[in-house]
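# Descriptive structure summary
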Amino acid sequence: MSGSPDTELTVRQQIVQVLTGARCSARDLAHRLRISERQVEEHLAHIAKSVGRDRHGRFLLEASACEECGYAFRGRTRLTRPSRCPRCRSEAISSPRFGIESSKP
Ligand SMILES: [Zn+2]
């Protein structure tokens, strides 16, 4: 199946569509759109910027947290998952989740 790119949504548009009104991790998106998590993260970086320029939208980033001690990686702006908890050294870190809030009617 080759499909014509003119009539299909771009991957980026699909991500925006999925994230509007929902929260997903990069893994969820990768699975859904059949691309790698790395690709999802690249698209998200661009989407975060373009949503930031749109006064009707807001890009939401739900911070990662340690599943062992509850340490929250607040203020962390990177889109990727931290590998280790700085407090208890656990590697059980939840993935950050993303969403887009739109105030458009
Ligand atoms: Zn911890």
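Above: the structure in question.
Below: a short report on this structure. (Residues numbered from 1 in each chain as written. Predicted model: local features only at pLDDT ≥ 70, side-chain atom pairs only at ≥ 80, totals over all residues. Heavy atoms only, no water.)

### Details of the coordination of the zinc ion
The following threshold applies: Note that water is not among the atoms used; donors are N, O and S atoms within 2.8 Å of the metal (3.2 Å for Na, K and Ca), so sites may look incomplete. Every angle between 85 and 135 degrees makes a four-donor site tetrahedral, while opposite donors more than 155 degrees apart, with all other angles between 65 and 115, make a four-donor site square planar and a six-donor site octahedral; other sites are irregular. Segments assigned H or I by DSSP are reported as helices when at least four residues long, segments assigned E as strands when at least two residues long, and all are numbered from the N terminus. Think of it in three bands: with a 1.4 Å probe and only protein chains considered, a residue is buried below 20% of the maximum accessible area for its type, exposed above 50%, and partly exposed in between.
Protein coordination at the zinc ion: the donors are Cys66 (SG), Cys69 (SG), Cys85 (SG) and Cys88 (SG), at 2.3 Å from the metal. Considering all 4 donor atoms around the zinc ion, the spread of angles at the metal, 105 to 115°, places the coordination shape in the tetrahedral class. Sequence spacing among the residues donating to the zinc ion works out to C-x2-C-x15-C-x2-C. Of this pair, cysteine 66 sits in the loop between strand E2 (57-62) and strand E3 (97-102) while cysteine 85 sits in the loop between E2 and E3, placing them 19 residues apart in sequence. For cysteine 85, a relative accessible area of 0% corresponds to the buried category.

### Structural notes on the packing of helix H1 (residues 11-19) against helix H2 (residues 26-33)
Between two packed helices, both the angle of their axes relative to each other and the distance between the axes serve to describe the pair. Keep this limit in mind: Helix axes use the C-alpha atoms of the stretch in contact, all axes being lines fitted to C-alpha atoms, and the angles between their N-to-C directions lie in the range 0 to 180 degrees. These descriptions rest on fixed angle ranges, namely under 35 degrees for roughly parallel, over 145 for roughly antiparallel, 65 to 115 for roughly perpendicular, and the rest for oblique. Crossing handedness follows the turn of the near helix against the far one: under a right angle anticlockwise gives a left-handed crossing, and clockwise gives a right-handed one. In what follows, a contact means two residues having at least one pair of non-hydrogen atoms within 4.5 Å. Polarity classes work like this: nonpolar for Ala, Val, Leu, Ile, Met, Phe, Trp, Tyr, Cys and Pro, charged for Asp, Glu, Lys and Arg, and polar for all others, with Gly in that last group.
For the pair H1 and H2, interaxial distance at closest approach is 11 Å and the crossing angle is 125°. Here H2 runs oblique to H1, going by the angle between their axes. When you trace H1 past H2, the crossing you get is right-handed. Note on element contacts: H2 touches H1 through Leu29, Arg32 and Leu33, opposite Val11, Gln14, Ile15, Val18 and Leu19. A per-class count over the contact of H1 with H2 returns 6 nonpolar, 1 polar and 1 charged.

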